[in-house]
Amino acid sequence: MSVAAVVKKAAANTISQPSSRLRLRKAALTLTPAAVDRLKSLYNGPEPRLLRVGVKQKGCSGNSYSLEFTDKKGKFDEVVKQDGVTVLVDSKALITVLGSEMDYIQNKLSSSFVFSNPNVKETCGCGESFKI
């Protein structure tokens, strides 16, 4: 191999490609198949609605999840799209909800959305409130 070829090959190896500014990131909230099915059935109405997940300060341990229907996205809401369902996460609750999984559980006495949050440090006895 000639000297010029070696220099050209070395120069080609040292030139780095510009990295992409777009990075894949984990969703703020993931939905189980049961939650997706329930949300699809709730969204089948005459007017389009979205579900906003938030956190309010209440309960024994300090925080509690809040769910509300809304007509439009708030300015700073995080949009979570999964399996054809869109859920909004309130910007004030984003740090608290980050990495959580939303499930829908139905038994003989009740049915509800349940959150599995890896950031929770403490929960109250009834399970309605939590502490980060």
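Here the residue numbering is sequential within each chain, running from 1 through the sequence in written order. Local features in this predicted model are restricted to residues of pLDDT 70 or higher, and side-chain atom pairs are both shown and tallied only at a pLDDT of 80 or more, whereas totals for entire chains, interfaces and linings draw on every residue. Neither water nor hydrogens contribute to the side-chain values; these are computed over all heavy atoms in the structure.

Concerning the overall build of the protein chain
Then, number 1: For the protein chain, the helix and strand inventory stands at 3 helices and 9 strands.
Then, number 2: Helix numbers and strand numbers start at the N terminus; a helix is a DSSP run of H or I with at least 4 residues, a strand a run of E with at least 2. N-terminal to C-terminal, the α/β element order of the protein chain is α-β-α-β-β-β-β-α-β-β-β-β.
Then, number 3: Three labels apply to residues, based on accessible area from a 1.4 Å probe with only protein chains included: buried if under 20% of the type maximum, exposed if over 50%, partly exposed otherwise in between. Scored against the burial criterion, the 132 residues of the protein chain give a buried share of 28%.
Then, number 4: We call two residues contacting when some pair of their heavy atoms lies within 4.5 Å. Considering only residue pairs separated by 6 or more positions, the protein chain has 52% of its internal contacts joining residues 24 or more positions apart.
Then, number 5: Carbon and sulfur atoms form 53% of the exposed surface of the protein chain, whose accessible area is close to 9700 Å². Throughout, the Shrake-Rupley method with a 1.4 Å probe supplies accessible areas, and for residues the shown protein chains are the sole cover considered.

Observations regarding the side chain of Asp90
Then, number 1: Checked against the element boundaries, Asp90 lands in the loop between strand E5 (85–89) and helix H3 (94–97).
Then, number 2: Notably, Asp90 is buried but unbridged: the nearest opposite-charge side chain belongs to Lys92, and the N-O separation is 4.9 Å. In this tally Asp and Glu are treated as negative and Lys and Arg as positive; neither His nor the chain ends contributes. Any Lys or Arg side-chain nitrogen found within 4 Å of a carboxyl oxygen on Asp or Glu counts as a salt bridge.

Describing the sheet that holds strand E2 (residues 50–56)
Then, number 1: Paired strands are those between which DSSP finds at least two bridges. Taken together, 4 strands build an open sheet; the order of strands is E3-E2-E5-E4 and the sheet is mixed. Single-partner strands in this sheet number two, and they are strand E3 (64–70) and strand E4 (78–82). Neighbour-to-neighbour, the strand axes of the sheet open up by a mean angle of 25°, direction not taken into account.
Then, number 2: Pairing between E4 and E5: 5 bridges, direction antiparallel. Across the sheet, residue Val79 finds its bridge partner in E5, namely Leu88.
Then, number 3: Packing against the sheet, helix H2 (residues 33–43) makes contact with E2, E3, E4 and E5, and its axis sits at approximately 95° to E5. What counts as an axis is a line fitted to C-alpha atoms, over the stretch in contact for a helix, and the angles between N-to-C directions run from 0 to 180 degrees.

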